[in-house]
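Fold and contact review
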Amino acid sequence: MNARPLPDSSPAARRRFDGVSQNRSLERGLEILRAFKPGTDLLGNGELAERTGLSAATVSRLTQTLVTSGFLAHDRRARAYRLAAPVLSLGHAMRAASPVLKAATPLMREASNKLRVNIGLASADRAEMVYLESIRYNRKASLRTIVAGQRVPIELTSLGRAYLATLDEAARDALLAGIMRGYRSASWKPVIADIGKAIAKVASAGYCLASWQPGVVAMSTPLALPAGATLALNLSLITDETQAWVERRHGPALLALKRKILHELEAQEPGR
């Protein structure tokens, strides 16, 4: 699955935001940029059309504009495009200006060193969670495979399931309906069952667990920000132990880290 559009991500729906009409050309241009994922170096107009659902003529016009504006670089030999430096600059600007990361990153690093685990913070984007920060405990750089900006699936990860637990039923059903289209019925049933268990776990314990990668156990808790957005905070480690062991050993520490981050964010609010 290269792209997993949601029910409310249709062009018509995306042009509505609090009753304000959105700019369709800008919207389509952003879809071109969204088509590039980690591991994807070059994309031609045909591949971009397939990934975005836009017509070939529209893609051709947009890629030319994005090259002119500096956001795409054109590889003449490959007859394809790659992301250009200004895209990286935008990501850096976002991270440098984020009050959440300013508050959370030092605390996440401290917890990672103390507990000897990986700590991550992620935000939802359509059918995926995007890491805003990732503190890897392993000292070998070659084993630090999760970095800021990396995407993971909402439905399979503890991060995504913790986020799903914060949505109202209608929003959650709409999101999952879009994701479900990429699955066969038989393979979707255990996934949706695990999501239901995770939502119940968040309600009772404040976090949920998942082992979507072999040998890795992760647990996540929703992080509702004072400004209104909701992120997900996670803790993960490579272990042969059971999820129950990880929960007993690290559950209280994850919730304590969450409280510290929220306290730091509140302390940074103007007037305090």
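Per-chain numbering applies: the sequence of each chain, read as written, is numbered from 1 onward. Local features in this predicted model are restricted to residues of pLDDT 70 or higher, and side-chain atom pairs are both shown and tallied only at a pLDDT of 80 or more, whereas totals for entire chains, interfaces and linings draw on every residue. With hydrogens and water stripped out, all remaining heavy atoms of the structure feed into the side-chain values.

The tendency in soluble globular proteins is for nonpolar side chains to be buried as a group. Counting 27 residues, the largest nonpolar core has Met108, Ile119, Leu121, Leu233 and Ile261 as its most contacted members. Helix numbering and strand numbering both begin at the N terminus, where a helix is a DSSP run of H or I of at least 4 residues and a strand a DSSP run of E of at least 2. By residue number, the principal contributor to this core is helix α6 (residues 99-115), which donates seven residues. Once residues lying within four places of it in the same chain are set aside, the contact partners of isoleucine 119 are Met108, Ala111, Ser112, Glu133, Ser134, Ile135, Arg136, Leu233, Asn234, Leu235 and Leu257. For the purposes of this section, nonpolar cores are sets of buried Ala, Val, Leu, Ile, Met, Phe, Trp, Tyr and Cys residues that join through side-chain atoms within 4.5 Å. Only protein chains enter the accessibility calculation, which uses a 1.4 Å probe; a residue whose area is less than 20% of its type maximum is buried, one above 50% is exposed, and one in between is partly exposed. The next biggest cluster of nonpolar side chains, apart from the first, holds 19 residues, and it includes Tyr131, Ile146, Leu159 and Val191. By definition in these notes, contact holds between two residues if any of their heavy atoms fall within 4.5 Å.

Moving on, we come to the packing of aromatic side chains. Any two of the Phe, Tyr and Trp rings considered here, Trp counted by its six-membered ring, make a pair once their centres fall within 6.5 Å; the pair's planes then place it as stacked at under 30 degrees, edge-to-face at over 60, or tilted in between. Enumeration over the complete set of coordinates arrives at one aromatic pair. The interplanar angle of 55° and the centroid separation of 5.0 Å between the aromatic rings of tyrosine 183 and tryptophan 188 together place this pair among those described as tilted. In this structure tryptophan 188 comes out as buried when scored by relative accessible area, which is 7%.

Across its 17 residues, α6 extends 25 Å between first and last C-alpha, which sits within 8% of the 24 Å expected from 1.5 Å per residue. At threonine 105, α6 shows its maximal kink, close to 30°; a proline, proline 106, follows between one and four residues later. Burial in α6 covers these residues: Val100, Leu101, Ala103, Ala104, Thr105, Leu107, Met108, Ala111 and Ser112. Against α5 (85-97), β5 (118-125), β6 (128-135), β10 (230-238) and α10 (243-268) lie the buried residues of α6. Looking one or two residues past α6, arginine 116 carries a phi angle of roughly 60°, positive in sign. Expected helix span is computed as 1.5 Å times (number of residues minus one). At any given residue, the bend is defined as the angle formed between two axes, one fitted to the seven residues that end at that position and one fitted to the seven that begin there.

If you want to describe how two helices pack, look at the angle between their axes and the distance between the axes. Where helix α8 (residues 169-180) meets helix α9 (residues 185-205), the closest approach of the two axes is 12 Å, and the angle between their N-to-C directions is 155°. One element, α8, and the other, α9, form an angle in the roughly antiparallel class. In the packing of α8 onto α9, the handedness of the crossing is right-handed. Facing α8, whose interface residues are Arg172, Leu176, Ile179 and Met180, α9 presents Trp188, Ile192, Ile195 and Ile199. Charged residues are taken to be Asp, Glu, Lys and Arg, nonpolar residues to be Ala, Val, Leu, Ile, Met, Phe, Trp, Tyr, Cys and Pro, and polar residues to be all remaining types, Gly included. When its residues are assigned to classes, the contact of α8 with α9 shows seven nonpolar, no polar and one charged. Think of each axis as a best-fit line through the C-alpha atoms, taken over the contacting stretch in the case of a helix, with angles from 0 to 180 degrees between the N-to-C directions. Any angle from 65 to 115 degrees is called roughly perpendicular, while one under 35 is roughly parallel, one over 145 is roughly antiparallel, and all others are oblique. Crossing chirality is assigned from the near helix's rotation relative to the far helix, an anticlockwise turn below a right angle marking it left-handed and a clockwise turn marking it right-handed.

This next bit is on the environment of tyrosine 81. Here tyrosine 81 is to be found in strand β4 (residues 80-83). Given the relative accessible area of 9%, tyrosine 81 is considered buried. Sequence separation of tyrosine 81 and leucine 43 is 38 residues, and the distance between their C-alpha atoms is 5.3 Å. If near-sequence neighbours (up to four positions away) are discounted, tyrosine 81 is found in contact with Phe36, Asp41, Leu42, Leu43, Asn45, Leu48, Thr63, Val67, Leu72, Ala73 and His74. Definition of a polar contact: a pair of N or O atoms within 3.5 Å, with one able to donate and the other able to accept a hydrogen when the atoms are protein atoms, and with sequence-neighbouring residues admitted only if both atoms are side-chain atoms. Within the structure, tyrosine 81 has its side chain in polar contact with the side chain of threonine 63 (distance 3.5 Å).

Time to look at the sheet that holds β5. Adjacent strands of a sheet pair through backbone hydrogen bonds, lying either parallel or antiparallel. What the six strands build is an open sheet, ordered β7-β6-β5-β10-β9-β8; its pairing is antiparallel. Bordering the open sheet on either side are β7 (151-153) and β8 (208-210), each of which pairs with just one other strand. The mean angle between the axes of side-by-side strands here comes to 35°, regardless of whether they run parallel or antiparallel. Here β6 pairs with β7 via three bridges, running antiparallel. Following the sheet pairing, glutamate 128 is matched in β7 by proline 153. Note on pairing: two strands pair once DSSP finds at least 2 bridges between them.

Put simply, helix α2 (residues 24-34) and helix α4 (residues 56-68) touch, their axes get as near as 10 Å, and they point 80° apart. Taken as axis vectors, α2 and α4 run roughly perpendicular relative to one another. Seen from α2, the contacting residues are Ser25, Arg28, Gly29, Ile32 and Leu33; seen from α4, they are Thr58, Val59, Leu62, Thr63 and Leu66. Taken together, the residues that form the contact of α2 with α4 break down as five nonpolar, four polar and one charged.

Salt bridges are defined as contacts in which a side-chain nitrogen from Lys or Arg sits within 4 Å of a carboxyl oxygen from Asp or Glu. With the rule as written, the count across this model stands at ten salt bridges. In this structure, glutamate 133 and arginine 95 form a salt bridge, with 3.3 Å as the shortest nitrogen-oxygen distance. Here glutamate 133, found in strand β6, pairs with arginine 95, found in helix α5; they are 38 residues apart in sequence, far enough to count as distant. We note a salt bridge from lysine 201 to glutamate 247, for which the minimum N-O separation is 2.6 Å. In this pair, lysine 201 is assigned in helix α9 and glutamate 247 in helix α10, connecting sequence segments 46 residues apart. Residue classification places lysine 201 among the partly exposed positions, given a relative accessible area of 25%.

From the geometry alone we can't say anything about function, so treat these as descriptive.
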